[in-house]
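Structure at a glance
As a plain string of letters, each chain reads:
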Amino acid sequence: MAAYMSAGRSANAFSTHDFVPEWAQEEVSTGTTIMAVEFDGGVVIGADSRTTTGAYIANRVTDKLTPIHDHIFCCRSGSAADTQAVADAVTYQLGFHSIELDEPPLVQTAANLFQQMCYRYREELMAGIIVAGWDKRRGGQVYTVPMGGMIVRQPVSVGGSGSSYIYGFMDSNYKPGMTKEECLHFCTQALALAMERDGSSGGVARLAAITEEGLERRVVLGHQLPKFSNT
Amino acid sequence: MALSNVVETPASGFNFENVSRNVALEGLLEGGHTKAPKPMKTGTTIAGVVCKDGVVLGADTRATSGEVVADKMCAKIHYISPNMYCCGAGTAADTEKTTDLLSSNLTIFSMNSGRNPRVVMAVNILQDMLFRYRGQIGASLILGGVDCTGNHLYTVGPYGSIDKVPYLAMGSGDLAALGILEDRFKPNMELEEAKELVRDAIHSGIMSDLGSGNNIDICVITKQGVDYIRPYQESEYKDKRQRRYKYRPGTTSILTEKIVPLELEVVQETVQRMDTA
């Protein structure tokens, strides 16, 4: 019955004769690695491309870097449905706000819109988001809005299930005052390390650099990712 | 907002009237020795491929209710609009009704705006609705169509997540079908090649999955129009009915006939003029 499918995380309410595999009854999740780095003049954001339903990879070429406005992006981790819905809602709100103001919105505004929604619906949502972009007032900024609805501005931030494996790398290799190319290289390496260790992250590495001029997207295919182990 | 709906979007909150009704019915049936009927699920293989000239969708035709095949010639490719079709996996009723509702709303939109709806619009409406119901509507849909912006293929999950991809398989037989697609898909394929690929993908789903079977339906959507081939290929395991199960009129003899005219009289008559100017 429809009632049995409630809150997909409930245990086996289905008999063994049902022809919907167990993993299809689970919610689609972006078990993920996402990150964002500030540099002078903009931000670099990066994400892996794997979306899983349980143990099955539903989409191996996902784009988790979602545009919210011309110079503001968000990196999504957590439930695919929840983050897509929240990102859509914030895109609308920010667009409306920007039209009212008749000028491009601030990254801080976008981040706070995310935070308000994630905090208000914290029990219902499973969404960890990094908001990053460029605006005229403060240049490149990265704000992290993890599950629960906290907001904090950081020069570099990682998120998602794969982030646990790269905190050490991030802390030891990040230096303030990097250039855009150095940031892109730093992100590529970090994502490659996380994708290597985390089962829920993988596929290709998607990167984007946001500056006053605009947006530059890059994709690093699986075989082009830097290798670290010798085995 | 600007969209008029056939059925009013419900007020905030969820409507679980049918759940309480079902629970009450279950309670009544538990007392006896009958069980409530299991919902019909389309344990299924559905697949879609974007090719050079359009989109090719394919599906098997088996609908199961528990271990029994409830429908051997089920239509899983649903009409959405003249330029869009949708394959559905999951609970049969949910996929039917969701696609019906979408189709009605888009028809109204077409009439209001004078345009053919875009695939991305249909996907957004589906996503809104399925997200609102938090996964209670068990519908996994593959939506494919051709519009002024190109050929598109989307998948919408039961929780309301969407993915835009060039090729796709869903349902219980999707792992088998996806193997075929991963092996032989190339971007910008010719139409005939794409049809064969989808047929092979569904066929492999039918062979390797118990929940899929019987015939293969193919739907080809191009700028010129839609070619809904049902069935594209019939199962070689069809059996023949032993005898005719339709009875001629007159098989049951009529013993007596009694006609009772109902006497009605007009009590009140009102005339309302319609202003058509």
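Predicted model only: the values in this text are computed from it and were never measured.

Owing to its 3.6 residues per turn, the α-helix brings residues three or four apart onto one side. An ideal rise of 1.5 Å per residue puts 20 Å on 14 residues; helix α3 (residues 119-132) of chain B measures up with 20 Å between its terminal C-alpha atoms. Listing the buried residues of α3(B) in full gives B:Val119, B:Met121, B:Ala122, B:Val123, B:Ile125, B:Leu126, B:Gln127, B:Met129 and B:Leu130. Residues of α3(B) that are buried make contact with α1 (80-101) of chain A together with β7 (84-91), α2 (92-113), β8 (139-147), β9 (150-156) and β10 (162-164) of chain B. Positive backbone phi, approximately 50°, marks B:Arg134, located one or two places after α3(B).

The angle between the axes and the distance between the axes are what describe a pair of packed helices. All names here are of chain A. Contact pair α1 / helix α2 (residues 107-120): the axes reach a minimum separation of 10 Å and the direction vectors enclose 135°. Overall, the two elements α1 and α2 adopt an arrangement that is oblique. Read as a crossing pair, α1 and α2 show a hand that is right-handed. Mapping the contact onto sequence places Val86, Ala87, Ala89, Val90, Gln93, Leu94 and His97 in α1 and Thr109, Ala110, Leu113, Phe114 and Met117 in α2.

Residues and elements named next belong to chain A. Across the sheet, five strands lie side by side as β11-β2-β3-β12-β13; this open sheet has antiparallel pairing. Only two strands of the sheet have a single neighbouring strand rather than two, namely β11 (156-159) and β13 (215-220). Within this sheet the neighbouring strands show an average axis-to-axis angle of 15°, counted without direction. Here strand β2 (residues 34-39) runs beside β11; their pairing, made up of four bridges, is antiparallel. Counterpart to Met35 in the pairing with β11 is Val158.

Here the distance between the centres and the angle between the planes together describe a pair of aromatic rings. The full count for this structure, using the stated rule, is six aromatic pairs over all chains. Between A:Tyr174 and A:Phe186, the ring centres sit 6.3 Å apart and the planes meet at 45°, which makes this aromatic pair tilted. Of this pair, A:Tyr174 sits in the loop between α3 (167-173) and α4 (180-197) while A:Phe186 sits in helix α4, placing them 12 residues apart in sequence. Among the aromatic residues, those joined into a ring-pair cluster are A:Phe169, A:Tyr174 and A:Phe186. Here the basic side chain of B:Lys164 rests over the ring of B:Tyr154, its NZ or CZ set 5.4 Å away from the ring centre.

Thresholds applied
Residues numbered from 1 in each chain as written. Chains lettered and ligands numbered in written order. Predicted model: local features only at pLDDT ≥ 70, side-chain atom pairs only at ≥ 80, totals over all residues. Heavy atoms only, no water. Helix = DSSP H or I, 4+ residues; strand = E, 2+ residues; numbered from the N terminus. Expected span 1.5 Å × (residues − 1). Buried < 20%, exposed > 50% of the residue type's maximum accessible area, 1.4 Å probe, protein only. Contact = heavy atoms within 4.5 Å. Axes fitted to C-alpha atoms, helices over the stretch in contact; angles between N-to-C directions. Parallel < 35°, antiparallel > 145°, perpendicular 65-115°, else oblique. Left-handed = near helix turned anticlockwise from the far one by under 90°. Pairing = 2+ DSSP bridges. Phe/Tyr/Trp six-rings, centres within 6.5 Å; stacked < 30°, edge-to-face > 60°. Lys NZ or Arg CZ within 6 Å of the ring centre and 35° of its normal.

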